[in-house]
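Structural overview
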Amino acid sequence: MGHWLQRNIVEPGKLPLLLALASFVLTFLVTRLITRLIRAGKGPFGNVRAGGVHIHHVVPGIVLTVIGGFAAVAGGRHGFGSCAAAVVFGIGAGLVLDEFALILHLDDVYWSEEGRKSVEVVVVTAALGGLLLLGFSPFGVNDLSPGELQDRGSVVASVAGNFLLSLVALFKGKLRTALFGVIVPVVALVGAIRLARPGSLWARRFYGRRPRARAKSQLRAYRHDRRWARPRRALEDWLGGKPDPAPDPAPLDRGR
């Protein structure tokens, strides 16, 4: 384990990434725990207010992200300074992305259906960080054998192809597939081959005069969303808490 850590994490300069990812995930989990306790009225925690204004935790998160980002750029990939900057950056990023939906909607939607976007973004970010951490590093490792050099050379050669396939998947309306496809070649290939989602740039450009392809795309998207909607909601509720129920619509004034 120590040899693997040295060869694949320390030597390639991935230790700051490991620390940033760990602090990011831990910050998100702790923040969600505290906000759920505040929501339930338990524990000694409470909302932070200054002059009657509710200070959302995205505010200190932005400050920490800026400080950690600039410090990481200045500190390089090795040494205590870069590791400390990575931890600060990870904490700030966790606070910011936990309220991603608030930034997106410019409204306090933390416990609404729109607030689920924050959990989705955090999960995708953590998964991408994990893939980057576990993947091979084409450069930065010394004393490689010819076989290892060949393996890493093939990884470098596939980056351009993966990026192109990921762009195709993105145009087909598959954002998650495109993101993961940059790192995992098979994911990008599958996303580029399969039908585009309805309403995507690819569907509007190539399915306009192909009614069968358009209908098949809509049916496949419906089945996919129906299959994965419930597990995804269960995971989001477990991580971030259930959103508040939507208010009942105002009754229509029928007159008399």
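Residues numbered from 1 in each chain as written. Predicted model: local features only at pLDDT ≥ 70, side-chain atom pairs only at ≥ 80, totals over all residues. Heavy atoms only, no water.

1. Some details on the confidence of the model for the chain
Of all residues in the chain, 83% attain a pLDDT of 70 or more, and the chain-wide mean is 83. The element-level mean pLDDT for the chain is lowest in helix H1 (residues 2–10), coming to 70, with helix H4 (residues 80–98) highest at 94. In this model residues 136–143 is a low-confidence stretch, pLDDT under 50, and it forms 18 contacts with partners more than four residues away in sequence or in other chains. (pLDDT = per-residue confidence, 0-100. Helix = DSSP H or I, 4+ residues; strand = E, 2+ residues; numbered from the N terminus. Contact = heavy atoms within 4.5 Å.)

2. Details of the layout of surface pockets
Any empty space left between atoms is shown by rolling a water-sized probe over those atoms. Taken as a whole, the largest pocket spans an internal volume of roughly 1,300 Å³. Along the wall of the largest pocket there are 33 residues; nearest its centre are Arg 176, Thr 177, His 224, Trp 228 and Arg 232. (1 Å grid on protein atoms, 1.4 Å probe; cavity = no way out; pocket = protein on both sides within 12 Å on 5 of 7 lines; lining within 4 Å. Points joined across faces, edges and corners; volume = space filled by probe spheres on them.)

3. With respect to the packing of helix H6 (residues 116–134) against helix H11 (residues 211–240)
Put simply, H6 and H11 touch, their axes get as near as 10 Å, and they point 95° apart. As the angle between them shows, H6 and H11 are arranged roughly perpendicular. Judged by residue contacts, Arg 116, Val 119, Glu 120 and Val 123 of H6 engage Arg 232, Arg 233, Glu 236, Asp 237, Leu 239 and Gly 240 from H11. Of the residues that constitute the contact of H6 with H11, the class distribution is 3 nonpolar, 1 polar and 6 charged. (Axes fitted to C-alpha atoms, helices over the stretch in contact; angles between N-to-C directions. Parallel < 35°, antiparallel > 145°, perpendicular 65-115°, else oblique. Nonpolar A, V, L, I, M, F, W, Y, C, P; charged D, E, K, R; others polar.)

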